Amino acid sequence: DQQVKQNSPSLSVQEGRISILNCDYTNSMFDYFLWYKKYPAEGPTFLISISSIKDKNEDGRFTVFLNKSAKHLSLHIVPSQPGDSAVYFCLNAGGTSYGKLTFGQGTILTVHP
Amino acid sequence: NAGVTQTPKFQVLKTGQSMTLQCAQDMNHEYMSWYRQDPGMGLRLIHYSVGAGITDQGEVPNGYNVSRSTTEDFPLRLLSAAPSQTSVYFCASSPNVQAWYGYTFGSGTRLTVV
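Residues numbered from 1 in each chain as written. Chains lettered and ligands numbered in written order. Predicted model: local features only at pLDDT ≥ 70, side-chain atom pairs only at ≥ 80, totals over all residues. Heavy atoms only, no water.

A. Here's a closer look at the nonpolar core. Among the nonpolar cores identified, the biggest contains 21 residues, and Tyr36, Leu101 and Phe103 of chain A together with Tyr35, Tyr103 and Phe105 of chain B are the most heavily contacted of them. Taken together, the elements giving at least two residues each to this core come down to β4 (32-38) and β9 (86-93) of chain A together with β4 (31-38), β5 (42-51) and β9 (87-94) of chain B. Judged by nonpolar contacts, the second largest core, of 20 residues, contains Tyr25, Tyr88, Cys90 and Leu109 of chain A. (Core = buried A, V, L, I, M, F, W, Y, C linked by side-chain atoms within 4.5 Å. Buried < 20%, exposed > 50% of the residue type's maximum accessible area, 1.4 Å probe, protein only. Helix = DSSP H or I, 4+ residues; strand = E, 2+ residues; numbered from the N terminus.)

B. Structural view of the packing of aromatic side chains. Tallied over the full model, the rule gives 12 aromatic pairs over all chains. Ring geometry for Phe89 of chain A and Phe103 of chain A: centres 5.5 Å apart, planes at 90°, overall edge-to-face. Taken together, the positions of Phe89 of chain A in strand β9 and Phe103 of chain A in the loop between β9 and β10 (107-112) put the pair 14 residues apart, joining distant regions of the chain. For Phe89 of chain A, a relative accessible area of 1% corresponds to the buried category. By relative accessible area, Phe103 of chain A is classed as buried at 2%. Relative to Tyr35 of chain B, the ring of Phe103 of chain A has its centre 5.5 Å away and its plane inclined at 90°; by these criteria the two rings are edge-to-face. One end of the pair, Phe103 of chain A, is in the loop between β9 and β10; the other, Tyr35 of chain B, is in strand β4, on a second chain. An aromatic cluster of at least three residues, connected via ring pairs, comprises Tyr36, Phe46, Phe89 and Phe103 of chain A together with Tyr31, Tyr35, Tyr48, Tyr103 and Phe105 of chain B. (Phe/Tyr/Trp six-rings, centres within 6.5 Å; stacked < 30°, edge-to-face > 60°.)

C. A look at the confidence of the model for chain B. On average, chain B scores 93 in pLDDT, and the residues at 70 or more come to 99%. No element of chain B has a lower mean pLDDT than β5 of chain B, at 91, and none a higher one than strand β3 (residues 19-25) of chain B, at 98. (pLDDT = per-residue confidence, 0-100.)

D. Structural view of unusual backbone geometry. Here the residue pair Val78 of chain A and Pro79 of chain A is connected by a cis peptide bond, since its omega of -10° sits within 30 degrees of zero. Residue placement: Pro79 of chain A occurs in the loop between β8 (72-77) and β9. In this structure, the amide linkage connecting Thr7 of chain B to the following residue, Pro8 of chain B, adopts the cis form with an omega of -10°. Relative to the helices and strands, Pro8 of chain B resides in the loop between β1 (4-7) and β2 (10-13). Residue Ala41 of chain A is not a glycine yet carries a positive backbone phi of 65°. Among the secondary structure elements, Ala41 of chain A is positioned in the loop between β4 and β5 (45-51).

What follows is the structure, encoded as structure tokens:
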């Protein structure tokens, strides 16, 4: 059974600094790791993904790193902005996940002006 | 372009009452699903549908029924509401079941069962 866990329930960062959100997994059953972002009173929105055959993917201020030997995934936000304050979810998906996209508890990021 | 529309936005029910949470999408998406969000539990999948006439259970299906008679609509029914069903409910759709990057969520229904 694959498990993806975000062990830090919250993270507080100053505006302009780097935010690093972490995620550990036990078994990578599926082909992609994803990050979704959720603002209060809204549904989650897709942020960025990385294929399990890559170790880095970058999209503007957001970069996701995958360390397969450590079974660890991280999302870097540089520079952090107050509008980045949200809940971030790390997920594993693709192939036979077939409609069962699973969101864990997430990490609450707060970026202070 | 409305996207995914959920109604109502807020609802208070008494224990034992029934109700239907509505979800409609106008993007011709094949895949639709329902999640509930509870403090400390993230979002948990209740039921999902890969197309009209096809539904399946997710992680926490007990106490909920669904049907998918059209591509556009995916209502969630609570037959006999319980306080444990107090939660925020989100409906999502995507072009197909494999388009995990393309989930569009509604803005949620906040349900309180007293």
